[in-house]
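# Chain and residue survey
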Amino acid sequence: MHSSPRHQTLTLSEEKQLLDAIDRWVVREVRPQVKDFDHADRYPHELVEQMKELGLFGATISQQYGGLGLPASVYAQIVMRISSEWMALTGIFNSHLMLALAIEKFGTEEQKNEWLPRLATGEVRGGLALTEPDAGTDLQGIRMTARREGDEYVINGAKTWITNGIEGSCFALLVKTNPQAEPRHKGMSLFIAPKGNGFTAGRKLEKLGYKAIETSELVFDNYRVPAKNLIGGVEGQGFYQATGGLELGRINVAARGVGIAEGALRLAADYASGRKTFGKPIAEHQAIQLKLGEMATRARAARLLTLDAAATFDRGDRCDMEAGMAKYFSSEAALENSIESMRIHGAYGYSKEYDIERLYRDAPLTCIGEGTNEMQRIIIAKQLMKRSAEA
Ligand SMILES: Cc1cc2nc3c(=O)[nH]c(=O)nc-3n(C[C@H](O)[C@H](O)[C@H](O)COP(=O)(O)OP(=O)(O)OC[C@H]3O[C@@H](n4cnc5c(N)ncnc54)[C@H](O)[C@@H]3O)c2cc1C
């Protein structure tokens, strides 16, 4: 069993109503503007305001703190639908919700009351700041330190690759409160870190895809944070807290992969029915049918794996292996479907006037975030062996 924020139970018709509203918003507001935002690498402020109204910044925050309290299975479907058009948009609320999850799952009652209502409305937006220039997969190798001084901690160091780093104002920040501790994770702590004196956003990183939403460095120079912002109030729990949201995080990324895999399939099918060669639509050539058949199967398998992991999560059952499988499979499906769809588009797939080039640039990120797919397979194998030993 895992302990997670309480979620509300939706009837099928409430679920449909919510997902239909997301669909309408995607078609009316996102689809017509996505190319402009993506190509100009321009932050979509207008869409963010609409996302606030849709309640997306509080999607998985419990209702008692002002969120929608959605189960993972419904949340995943929202992420799938938006990602089938524009995956980057989901990063604006996905990593924000990982910050909220860390507070709701591990924070004190005072921390939850202080932060969750403002995170739920999107008044405060932020993300998760773990990665450093020399430490990504090996998180225990981070160097950032926090030294206690009276009622405050003084923090120095730098983070990199932080989503929402410039537009966000508050981050769950992983630091070393005891750099000498052995094992290393016992010296790690997680803080709620609002921007202020000594905490500035650094360079915006130029990326292949995942445009418009910024990923940046964060710089800490004698930044002082009140001791009451130490999540849970006890030092040494940070590694456990930072990785405690990984199951939901992986379901999240899996859902993004499903969205891209389905979006690429839709674009391919549309194009293949209109484009003619040798007197008939290319969809009637067997070589294209083989591709469409494989793509459709991959997208469906990815969807089912992701919904299965989400349902396991919602029941409160252990789902580390299921979430890992969903994340691994769906992200690879996103990558494969986007390149196959691009091939079906011929030269037009290589053109910036068509949408598939965006999905093709966005897909690889799903293989990196929330644990690379190399690590994912190792985690799955370890869980497999552990569970069979326990059975
Ligand atoms: C667009 C973008 C947004 C991001 N947003 C955030 C964010 O908001 N917050 C945040 O904290 N981080 C963020 N990240 C960072 C991301 O989480 C890391 O890039 C990721 O954890 C991998 O770390 P790394 O890049 O340091 O790779 P490394 O850890 O250096 O890995 C390099 C390669 O070695 C492999 N490898 C490493 N260790 C092992 C091992 N033991 N066995 C087998 N293979 C191994 C990896 O799979 C990979 O292929 C973001 C990254 C990107 C690209």
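Because the structure is predicted, anything quoted here is derived from the model rather than measured.

The rules behind these values
- Residues numbered from 1 in each chain as written.
- Predicted model: local features only at pLDDT ≥ 70, side-chain atom pairs only at ≥ 80, totals over all residues.
- Domains from an automatic or database assignment.
- Helix = DSSP H or I, 4+ residues; strand = E, 2+ residues; numbered from the N terminus.
- Nonpolar A, V, L, I, M, F, W, Y, C, P; charged D, E, K, R; others polar.
- Buried ≥ 20, exposed ≤ 12 C-beta atoms within 10 Å, placed from the backbone.
- Contact = placed C-beta atoms within 7 Å.
- Axes fitted to C-alpha atoms, helices over the stretch in contact; angles between N-to-C directions.
- Parallel < 35°, antiparallel > 145°, perpendicular 65-115°, else oblique.
- Left-handed = near helix turned anticlockwise from the far one by under 90°.

## Looking at the domain arrangement of the protein chain
Parsing the protein chain into structural domains produces domain 1 (12-126), domain 2 (127-238) and domain 3 (245-390). On a C-alpha basis, the centroid separation for the pair domain 1 and domain 2 is 23 Å. Elements represented by at least two residues in the side of domain 1 that touches domain 2 include exactly helix H2 (34-40), helix H5 (88-106) and helix H6 (109-121). Here the side of domain 1 that touches domain 2 gets 10 residues from one element, more than from any other, and that element is H5. Tallied by class, the residues present in the side of domain 1 that touches domain 2 amount to 12 nonpolar, seven polar and four charged.

## Quick word on the environment of Ile155
Along the polypeptide, Ile155 turns up in strand S3 (residues 152-163). By the C-beta count within 10 Å, which is 22 here, Ile155 ends up buried. Between the C-alpha atom of Ile155 and that of Glu104, which follows or precedes it by 51 residues, the distance is 23 Å. Leave out the neighbours within four places in its chain, and Ile155 touches Met144, Ala146, Val175, Phe220, Tyr223 and Val225.

## Side note on the packing of helix H4 (residues 72-86) against helix H8 (residues 246-274)
Direction vectors running N to C along H4 and H8 enclose 40°, while the axes themselves pass 7 Å from each other. One way to sum up the angle between H4 and H8 is to call them oblique. The handedness of the crossing between H4 and H8 comes out as right-handed. Facing Ala72, Ala76, Val79, Met80, Arg81, Ile82, Ser83, Ser84 and Glu85 of H4, the residues of H8 in contact are Leu248, Ile251, Asn252, Ala255, Arg256, Val258, Gly259, Ile260, Glu262, Gly263 and Arg266. A class-by-class count of the residues in the contact of H4 with H8 yields 10 nonpolar, five polar and five charged.

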